[in-house]
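Observations on the three-dimensional arrangement
Now for the letters of each chain:
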Amino acid sequence: MWAGNRNYPHRLADVPHTGSNRDLSDRFEDDMNITHSERALKHIYDAVTDKWDKVLINVVVQDAFAEGSMRTAHYMKDLTELGNQGKYVLKLSKDARDDSQSYFEDVRMQMIAKRFADMYNAHNPPKRVDFVAAYVLELIDRPTRPVCTVERYISGRYVKYNNNWDWVDDR
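Here's a quick rundown of the structure.

So, how was this worked out
- Residues numbered from 1 in each chain as written.
- Predicted model: local features only at pLDDT ≥ 70, side-chain atom pairs only at ≥ 80, totals over all residues.
- Heavy atoms only, no water.
- Core = buried A, V, L, I, M, F, W, Y, C linked by side-chain atoms within 4.5 Å.
- Buried < 20%, exposed > 50% of the residue type's maximum accessible area, 1.4 Å probe, protein only.
- Contact = heavy atoms within 4.5 Å.
- Phe/Tyr/Trp six-rings, centres within 6.5 Å; stacked < 30°, edge-to-face > 60°.
- Helix = DSSP H or I, 4+ residues; strand = E, 2+ residues; numbered from the N terminus.
- Lys NZ or Arg CZ within 6 Å of the ring centre and 35° of its normal.
- Pairing = 2+ DSSP bridges.
- Axes fitted to C-alpha atoms, helices over the stretch in contact; angles between N-to-C directions.

Moving on: the nonpolar core. Core analysis: the largest hydrophobic core is formed by 13 residues, its most contacted members being Val59, Met76, Leu90, Tyr135, Leu137 and Val150. Setting aside its immediate chain neighbours within four residues, Val59 contacts His36, Ser37, Glu38, Ala40, Met76, Lys77, Asp78, Leu137 and Leu139. In this structure, Tyr45, Phe104, Met111 and Val136 belong to the second largest nonpolar core, which totals 9 residues.

Aromatic ring pairs: the centre-centre distance and the angle between the two ring planes describe each pair. In this structure the tally under the stated criterion is 5 aromatic pairs. A ring pair is formed by Tyr75 and Tyr153, whose centres lie 5.8 Å apart and whose planes are at 75 degrees; its orientation type is edge-to-face. Of this pair, Tyr75 sits in strand E4 (residues 71-78) while Tyr153 sits in the loop between strand E7 (147-152) and strand E8 (157-159); the two residues are 78 residues apart in sequence, bridging distant segments of the chain. Given the relative accessible area of 3%, Tyr75 is considered buried. Look at Tyr153 and you get buried, because its relative accessible area is 11%. With a centroid separation of 5.7 Å and an interplanar angle of 70 degrees, the aromatic rings of Tyr88 and Tyr135 are classed as edge-to-face. In this pair, Tyr88 sits in strand E5 (residues 87-93) while Tyr135 sits in strand E6 (residues 134-138), placing the two residues 47 residues apart along the sequence. Of the two residues examined, Tyr88 and Tyr135, each falls in the buried class. Clustering of aromatic rings is evident, with ring pairs tying together Tyr45, Trp52 and Phe104. Of note, Lys42 hangs over the ring of Tyr135, and the distance from its end group to the ring centre comes to 4.5 Å.

Below, the discussion takes up the sheet that holds strand E3 (residues 51-67). As summarised here, the arrangement of the 6 strands in space is E2-E3-E4-E5-E7-E6, forming a closed barrel in which the pairing is antiparallel. Taking each pair of neighbouring strands and ignoring which way they run, the sheet shows an average axis angle of 45 degrees. One ladder, built from 6 bridges, connects E3 with E4; its direction is antiparallel. The partner of Glu67 across the bridge, within E4, is Thr72. Packed on one face of the sheet, helix H1 (residues 101-121) meets strand E2 (38-46), E3, E4, E5, E6 and E7 and runs near 160 degrees to E6.

Within E4, 7 of the 8 residues are buried, which leaves the element mostly enclosed by the surrounding structure. Connecting E3 to the next strand, E4, in antiparallel fashion are 3 residues. In terms of strand pairing, E4 meets E5 through 7 bridges, oriented antiparallel. Bridged to Thr72 within E5 is Leu92.

This is the structure in structure tokens:
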């Protein structure tokens, strides 16, 4: 049962904002405290069959390392996967009243885009394209059973070029 992380910020203002241009290569801790593990339902969309599947997993979610205008970002370890395969980034809404259906729509759209990229790449283009696989996660041991999106952790320098509304970096 999830007992809560005593270090979790109580207010959104307590979540560190690290800026849009940051190096995350050494930030993911491999020695996450598994005593803070919790059960979660992983909802996986298959773009070929247009069907959802779900599986019960155990995860460890760290405190937020960054925030955007709508969500906080957390390092997450999937304890059902070995080594680096279990490293993910979980994105959790700042607004507990967010419609969970929007997470399913976002992931469905991203996985369809990934399928189209794979189909394009099958023709050996001069430049390949890809989309990061994503899934929906429901943290079932928490009192409100929050729903969030999850993507595989990618190490390296992260540069944000736009936001969800009107800002674009013209580099």
